[in-house]
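Okay, here's what each chain looks like letter by letter:
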Amino acid sequence: MSAQHAVVVGGTRGLGLVVVERLLARGFDVTIISRQPSPRHAGNSKVRHIAVDLEVVDSLDGVWTKACDALGQISYLVLCQRFRGQGDPWEGEIQVGLTASRCLIEGFADHFTSAGDRAIGVVSSVYAQFVGASQPVGYHVVKAGLNEMVRYYASTLGRRGIRVNAIMPLTYMKDESRQFYENNASLADVYERLVPLRRMGHAEDSANALNFLCSEQASFINGQSLIVDGGVSVVWPEEVAKNFAGL
Ligand SMILES: NC(=O)c1ccc[n+]([C@@H]2O[C@H](COP(=O)([O-])OP(=O)(O)OC[C@H]3O[C@@H](n4cnc5c(N)ncnc54)[C@H](OP(=O)(O)O)[C@@H]3O)[C@@H](O)[C@H]2O)c1
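Computed from a predicted model, the values in this text were never measured in an experiment. (Residues numbered from 1 in each chain as written. Predicted model: local features only at pLDDT ≥ 70, side-chain atom pairs only at ≥ 80, totals over all residues. Heavy atoms only, no water.)

1. A closer look at the overall build of the protein chain
Helix and strand counts for the protein chain stand at eight helices and nine strands. With the C-alpha coordinates aligned to their principal axes, the bounding extent of the protein chain is approximately 60 × 40 × 35 Å. The 247 residues of the protein chain split such that 47% are buried. Taking the intrachain contacts of the protein chain between residues at least 6 apart in sequence as the baseline, contacts between residues at least 24 apart amount to 69%. Looking at the protein chain as shown, the accessible area adds up to about 12,200 Å², and 53% of this sits on carbon and sulfur atoms. (Helix = DSSP H or I, 4+ residues; strand = E, 2+ residues; numbered from the N terminus. Buried < 20%, exposed > 50% of the residue type's maximum accessible area, 1.4 Å probe, protein only. Contact = heavy atoms within 4.5 Å. Areas by Shrake-Rupley, 256 points an atom, 1.4 Å probe, with all protein chains shown as cover.)

2. Quick notes on the pattern of salt bridges
Note that side chains of opposite charge can pair when their charged atoms are close. Using the criterion set out here, one finds eleven salt bridges in the structure. In this structure, Asp29 engages Lys46 in a salt bridge whose closest nitrogen and oxygen atoms are separated by 2.8 Å. Placement of Asp29 in strand β2 (residues 29-34) and of Lys46 in the loop between β2 and β3 (47-51) is noted, with a sequence separation of 17 residues between them. Between Asp117 and Arg163 there is a salt bridge whose closest N-O contact spans 3.1 Å. Of this pair, Asp117 sits in the loop between α3 (89-108) and β5 (118-123) while Arg163 is found in strand β6 (residues 162-169), placing the two residues 46 residues apart along the sequence. For Arg163, a relative accessible area of 6% puts it in the buried group. The network of salt bridges with shared partners includes Glu21, Arg40, Asp175 and Arg178. (Salt bridge = Lys/Arg side-chain N within 4 Å of Asp/Glu carboxyl O.)

What follows is the structure, encoded as structure tokens:
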């Protein structure tokens, strides 16, 4: 049995992949839940993949037992998944983003260690509070719902010593999108002018925030959704418009 075990849902790509790297660097054994394993983890004895399609409600049944029978009770559960299917985007977003998150949190709740730091980290988005036409309405509703779910479980699971928090990232560069942004210099210019820190965010920035929230360093932080946007959300839009208009 592993001394320290964490579960990362959606840990095969993008932000989830970096979260897994951070946990491995801290010595954790990591169970990843997604549809397909990542070749990045092939042959790594510290990583175990459980194939689950979160769009299929029944496929979640007992996944918490399967994960913990093999590697022991968990210290951390990190939810990084997002709907990437072909079906109706409203139903898909709600199922993969919201319903599956509730099932996973409730299913794993009885499988946390009885001592030591324990936490759930949820990946929400700035679209929980702000509106952007590049994402469908279902995505906005899911992320807003996740923030409230975090507050609900922070209260109920907090009584059992399990902290529950979220991060709300702005669009970030990840391994899979790096080439796209490098080929579109005008986008990099937009972020340089928009973000007070004068750069686009990276998946690593968000992974660092999750790594903090899922650690003893955040031992009294519970029920919070932390914006990770380089300061964009504190700037009044009129100032941004003037800047872009060269005024
Ligand atoms: N990308 C951004 O700029 C950005 C900004 C703000 C917030 N976010 C949020 O950050 C999180 C990660 O996004 P990302 O863009 O970094 O990663 P991503 O490339 O969208 O990866 C999604 C992960 O979820 C898994 N997944 C998708 N559908 C699934 C299903 N039906 N069943 C089981 N697993 C499924 C995927 O694995 P499989 O394919 O193996 O199933 C993958 O590991 C998401 O919650 C997203 O909403 C992203």
